[in-house]
Number of protein chains: 2
Amino acid sequence: MITNTFYSQENHGPYDIYQLGDFLLESGEVINNCKLAYTTFGKLNNNKDNVILMPTWFSGTSKDMEAFVGEERAINPNNYFIIIINQIGNGLSSSPHNSPEPIAMANFPNVTIFDDVRAQHSLITNKYGITEIALVVGGSMGAQQTYEWAVRYPKMVKRAAPIAGTAKVTSHNIQFTQTLIESITSDPLWNNGSYNVHTDVKDGLKRHANIWSVMGLSTEFYQKEMWSIYDVNSFDEFIHEFLQPLYQKMDPNNLILMARKWQKADVSKITNGDLAEALRGIQAKVFVLPIDEDMFFKPSDCRAEQKLIPNSELRMIYSSVGHFALPGPEGNSYHKQIDQHLNELLACTK
Amino acid sequence: MITNTFYSQENHGPYDIYQLGDFLLESGEVINNCKLAYTTFGKLNNNKDNVILMPTWFSGTSKDMEAFVGEERAINPNNYFIIIINQIGNGLSSSPHNSPEPIAMANFPNVTIFDDVRAQHSLITNKYGITEIALVVGGSMGAQQTYEWAVRYPKMVKRAAPIAGTAKVTSHNIQFTQTLIESITSDPLWNNGSYNVHTDVKDGLKRHANIWSVMGLSTEFYQKEMWSIYDVNSFDEFIHEFLQPLYQKMDPNNLILMARKWQKADVSKITNGDLAEALRGIQAKVFVLPIDEDMFFKPSDCRAEQKLIPNSELRMIYSSVGHFALPGPEGNSYHKQIDQHLNELLACTK
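Notes on the structure follow. Worth saying up front: this structure is predicted, and the values here are computed from it rather than measured.

**Observations regarding the sheet that holds strand β4 (residues 81–85) of chain B**
Backbone-to-backbone hydrogen bonds pair the strands of a sheet. The strands run either parallel or antiparallel.
Residue and element names in this part refer to chain B.
Moving on, step 1. Taken in spatial order, the eight strands line up as β1-β2-β4-β3-β5-β6-β7-β8 in an open sheet, and their pairing is mixed. Across the chains shown, the open sheet's two edge strands, defined by having one partner strand only, are β1 (16–24) and β8 (312–314). Going across the sheet, the axis of each strand differs from the next one's by a mean of 20°, ignoring polarity.
Moving on, step 2. Sheet topology note: the strand β6 (residues 159–163)/strand β7 (residues 285–288) ladder contains two bridges and is parallel. Bridging from a neighbouring strand, A160 pairs with V286 of β7.
Moving on, step 3. Here helix α3 (residues 113–128) sits on the sheet in contact with β1, β2 (30–41), β3 (51–55) and β4, set at roughly 120° to β1.

Laid out in structure tokens, this is it:
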């Protein structure tokens, strides 16, 4: 366990902690005293059927997901009970950097997307008695969790909106996340995950940021010089004053745990690798929402899966930002598209 | 100077060596006894106006460019005098790994695309007395050289076909090539470019290959599982038996020299940074040939430049392979497209 003030209530809260107890993972390993950080908006109605569940993406937190919530938004706390649950390893929920021995740092066990979904299921059923979810919506690794929810709990999930993500990791994604992992583990001060403070690994974290600069944004973002959406004035500032410092605040073990989880995302484990069969089992109404200029969760990969989901539609999100459009740095032009699709989806009764 | 048997006549020849003498670079530095490796096909006609010039791409050699040459191809040695010139730093021409002190290894001076073009100009004018080039055609960094030729020698270059490349490096490309550089320099055995043998840096070269696996191919290549075009049978074999061993044969200093050259490619140096003015000066008929699924020389970037070139057309090359379609691993479906466009271009008289 080490201190990293980036993962604080001040930066990402307010959030609550749910004590999951000793949590048995798919691997057979255990996270002792597993904690889920979560936050809620709105009120659970008497029928307990107004639930919107939102998992988080790689390196993101519940704070990022709040960008989708608002009284004039599709995800409206006046109408819905909204639960945002931080994925294991993201720095707020149980994670390598904040866990004590024997699972501290690089000794933290490997976690799968299904582990996250089971942990989230435990929270919402045990704490709130929820048996029906009106909508699961998440982006990127949040989409991986969204798909896993729809496949593993088909009767419970009424609607699902995976944004910029896939149900099964592609081999291209495996290679991409491998470069993210290697950007950090190549740093001699990574030291197999044993460092005194995350800033020891600043060179690896900088390289990690550089890879994100290539894949997280789109070539159009650079062509149009859209730096101002990040409140910086130039390419150089975007790289050196926004992106590199952002990732250099994070914990290397946390990032690598999440990347490895991403690499193994696969809803077809339930059907012995038959992806078509796994997706055919989804009972939710599904809107598959790729981002047109996404460099690694490409629309063509999303479409291939959407075709296998019975009650589904593909709705394209248009953004020159690419994958990093997710939290909405462009503002209205993005949020309006998301809200229009989610409003339609929430209005679907079958 | 170190030995690396990858850069041999056996692997990449036959090629000849042109002695350029002491070659003064844009930077003011000098490559002593600079050598250009080149190969030719066909015969120079009496008017000396049947010349096709082909520069090489990043990590490629003249051998790769031979894939475009044939008696039933657009680039036909029965009709044209074809000169393929290896770029400086590619391992056959003067390069970090094959140069003696004081410019051996990491002491090799930085080279620009314009340096390459001037060196090539020296070869074709001094050795052959060529004053007119029917066509310059190259891919990727070869396209960067093609553009530089058309801008710097506008009266000499009658036609130009930049494939999958741009006249000015994009900021996205600068970041991409930065990740390529960092994948190698992050290896402790890189040792600032002082190693005994290139295999010392095998971990860095493996990471370098992994980044290429993400950017060099397209997501469609992985979705369609097109491994067989590389004579391997699986994703795992493609990565571990084809791509990683390929880059692990190469010299790290050579790769980094080329990557840095790529990062600074910019035809607008001649016009103090005014790209529109530089491209407006091109007198050649130009076919701009992006590859539709290219991850980093995207059609939108190529099109933005094409619009600035007076006598030009954009001709799209379709391939699910992405950037690595360049040498034609798919065979006919690619070569036929290239040949159709080049035949049309070569038939243009104005």
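Now, onward.
**Side note on the relation of the copies chain A and chain B**
Moving on, step 1. For the pair chain A and chain B, the relating rotation is 180°, the translation along its axis is 0.0 Å, and the fit reaches an RMSD of 0.0 Å. Such a turn and shift between the copies fits a two-fold axis. Identified as the residue of chain A closest to the rotation axis by C-alpha distance is S186 of chain A, at 3.1 Å.
Moving on, step 2. By residue overlap, the copies meet face to face through one surface: 100% of the interface positions of chain A are interface positions in chain B.

**Observations concerning the pattern of salt bridges**
Moving on, step 1. Here the structure, examined in full by the defined rule, presents 21 salt bridges over all chains.
Moving on, step 2. Notably, a salt bridge pairs E313 of chain A with K285 of chain A, separated by 3.0 Å at the nearest N-O pair. Of the two residues, E313 of chain A is situated in strand β8 (residues 312–314) and K285 of chain A in strand β7 (residues 285–288); the sequence distance between them amounts to 28 residues.
Moving on, step 3. The salt bridge partner of R315 of chain B is E313 of chain B, with a shortest N-O separation of 2.7 Å.
Moving on, step 4. Residue classification places E313 of chain B among the partly exposed positions, given a relative accessible area of 27%.

**So, the packing of α3 of chain B against helix α4 (residues 141–152) of chain B**
Residues and elements named next belong to chain B.
Moving on, step 1. Direction vectors running N to C along α3 and α4 enclose 70°, while the axes themselves pass 9 Å from each other. In this view, α3 runs roughly perpendicular relative to α4, as classed from their interaxial angle. Judged by the twist between their axes, the crossing of α3 over α4 is right-handed. Contacts between α3 and α4 involve I113, F114, D116, V117, Q120, H121 and I124 on the former and, on the latter, M141, Q144, Q145, E148, W149 and R152.
Moving on, step 2. Across the contact of α3 with α4, the residue classes break down as six nonpolar, four polar and three charged.

The rules behind each value
Residues numbered from 1 in each chain as written. Chains lettered and ligands numbered in written order. Predicted model: local features only at pLDDT ≥ 70, side-chain atom pairs only at ≥ 80, totals over all residues. Heavy atoms only, no water. Pairing = 2+ DSSP bridges. Helix = DSSP H or I, 4+ residues; strand = E, 2+ residues; numbered from the N terminus. Axes fitted to C-alpha atoms, helices over the stretch in contact; angles between N-to-C directions. Contact = heavy atoms within 4.5 Å. Least-squares fit on C-alpha atoms with pLDDT ≥ 70 in both. Salt bridge = Lys/Arg side-chain N within 4 Å of Asp/Glu carboxyl O. Buried < 20%, exposed > 50% of the residue type's maximum accessible area, 1.4 Å probe, protein only. Parallel < 35°, antiparallel > 145°, perpendicular 65-115°, else oblique. Left-handed = near helix turned anticlockwise from the far one by under 90°. Nonpolar A, V, L, I, M, F, W, Y, C, P; charged D, E, K, R; others polar.

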